[in-house]
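Chain residues, written in single-letter form:
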Amino acid sequence: MVKIEDYAPIVGEGTVEAIREMAEIIRGERAVHVNATSYGGGVAEILSRMIPLARSLGIDVTWQTLKGDIDFFKVTKKMHNALQGDLGTAISDEEFAHYLKVNAENAALLELDSDVVVIHDPQPLPLVRQRGRGKWAWRCHIDTSTPNEAVWSRLDPMVRMYDLAIFSMERYIPKGLAIPSIIDYPTIDPLSPKNAPMKPEDVTKVLERYGVDPDRPLIGQVARFDPWKDPLGAIDVFRRVKSAVPGIQLAMIGSFARDDPEGAEWYERVLRYAGREKDIFVLSNLDGVGDLEVNAFQRAFSVAIQLSKREGFGLTVTEALWKGVPVVAKRAGGIPLQVIDGTTGFLTEGLEDAAERVALLLRRSWLARELGERGRQHVRLNFLITKGLSNYLRMHIELVGKMG
Ligand code: UDP
């Protein structure tokens, strides 16, 4: 069972003690988090670790997920794309009605009677229409800085029914937001199977299981198969790097989230684009790539790439940096908070530029080591679960009026 004191050697006694004190103030209070999926993507990743840790501190917090059919998740994925700025996406009245109906059905099934209710992302947003007692917060994990106005204006009346909104970055707060908002960076758990230390021989075993040569350099992108993550761009970068570093291998690690109907289609596209190139490994949870395997691959990367065109925060970047691996990434979403250009990795504009940076880090292993080490320090100070938990506790304390 996870215990807060296990984190003291990583973040220090002081941080752990402050968390205990905050938890004491709201001991026994009820909280519930609702999101769309228990598996796949950053939100599920965060909640799967944060909820047990909060429970271990005496807070009666549960995590519940929505039940929806394929039509529901098609609409919510469209909504996700529209909120991230896809102006071409329209949601019909019929689709919107279905979205509301599924939420109304879920409101009857879920246990929402709580002191604090935290609703994650747009999928369960309408649950607030059935709100009872307690304080309600909407935690938006996506980049809503330039939302498709037509879609946002349908959601805005429901957003107004919340007590608080939480965003991953200041600039994601939509213009004219009518309720109070705070910023909270996503975080990773250094003790989870995905991030905990691994023996080098265990890393090698995982690579060999998938036919990757542990003695040749490997670069990779871990990301859902999704157009915003630009997996084809990652393959282009690899092809460019390969002309300078012939032995290089590429791992494209992606998972299929239950709430993401585009995944299968994009997986096929990636496979087709990779073609018969034997040094490109396209792997997913369907090949048995779970947390431990992701951990091993990230540790094995000489350089991690993240070519996302849009990104909420980019936990895969946090995970790579925590493992001391430098990251070459596009300047999307929360990535520049993590990849400090020239310090923890490189920020790039185009694919050509990205390939040059990757090749540089492959040639200069001392530079890769130095950036990787600074990346790890940066994550330790800013993006570990203890930080996320103390932000959560503070929010809860304020929402229920126990700050003073
Ligand atoms: N992930 C995974 N397997 C994969 C691809 C992604 O476990 O094949 C995890 C990844 O390690 C990270 C999360 O899913 O913890 C993705 O979070 P991120 O913020 O990068 O992107 P999102 O999917 O939420 O857009």
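What you are looking at is a predicted structure, and each value in this text was computed from that prediction instead of being measured.

### Things to note about the pattern of salt bridges
Once the charged atoms of two side chains with opposite charge are near each other, the side chains can pair. Under the counting rule described, the total for this entry stands at 36 salt bridges. Measuring nitrogen to oxygen at the nearest pair gives 3.2 Å for the salt bridge that ties R160 to D156. Classification of R160 as partly exposed rests on a relative accessible area of 46%. For D156, a relative accessible area of 13% gives the class buried. The partner of K229 in a salt bridge is E311, and the shortest N-O contact between them spans 2.9 Å. You can see K229 sitting in the loop between β7 (218-222) and α8 (231-244) and its partner E311 sitting in the loop between β10 (303-306) and α11 (315-322), a full 82 residues away along the chain. With respect to class, K229 is no different from E311; both count as buried. When salt bridges with common partners are traced through the structure, they connect D213, R216, K242, E277, K278 and D279 into a single cluster.

### Brief notes about empty space enclosed by the protein
Across all of its chains, the model carries four cavities of 30 Å³ or more by this definition. One number sums up the size of the largest cavity: a volume of about 80 Å³. Here the lining of the largest cavity gets four residues from one element, more than from any other, and that element is helix α3 (residues 42-56). Split by residue class, the lining of the largest cavity holds four nonpolar, three polar and four charged. Roughly 60 Å³ of internal volume is contained in the second largest cavity. Every residue along the wall of the second largest cavity is listed here: G220, Q221, V222, Q298, F301, A304, I305, Q306, T316, V317, A320 and V327. The set of elements that each furnish at least two residues to the lining of the second largest cavity consists of β7, β10 and α11. For the lining of the second largest cavity, a count of residues per class yields seven nonpolar, five polar and no charged.

### A closer look at the site of the ligand
Taken together, 17 residues are adjacent to the ligand, and G42, K194, R224, K229 and E319 come closest. K229 has a polar side-chain atom sitting 2.8 Å from an oxygen atom of the ligand. Protein contacts shield 90% of the accessible area of the ligand, which totals 540 Å² for the unbound molecule. Take the shell around the ligand: its biggest share by element is three residues, from α11. Looking at side-chain class alone, the shell around the ligand contains five nonpolar, six polar and six charged residues.

The rules behind the values
- Residues numbered from 1 in each chain as written.
- Predicted model: local features only at pLDDT ≥ 70, side-chain atom pairs only at ≥ 80, totals over all residues.
- Heavy atoms only, no water.
- Salt bridge = Lys/Arg side-chain N within 4 Å of Asp/Glu carboxyl O.
- Buried < 20%, exposed > 50% of the residue type's maximum accessible area, 1.4 Å probe, protein only.
- Helix = DSSP H or I, 4+ residues; strand = E, 2+ residues; numbered from the N terminus.
- 1 Å grid on protein atoms, 1.4 Å probe; cavity = no way out; pocket = protein on both sides within 12 Å on 5 of 7 lines; lining within 4 Å.
- Points joined across faces, edges and corners; volume = space filled by probe spheres on them.
- Nonpolar A, V, L, I, M, F, W, Y, C, P; charged D, E, K, R; others polar.
- Near = heavy atom within 4 Å.
- Polar contact = N/O pair within 3.5 Å; in protein donor to acceptor, adjacent residues only side chain to side chain.
- Areas by Shrake-Rupley, 256 points an atom, 1.4 Å probe, with all protein chains shown as cover.

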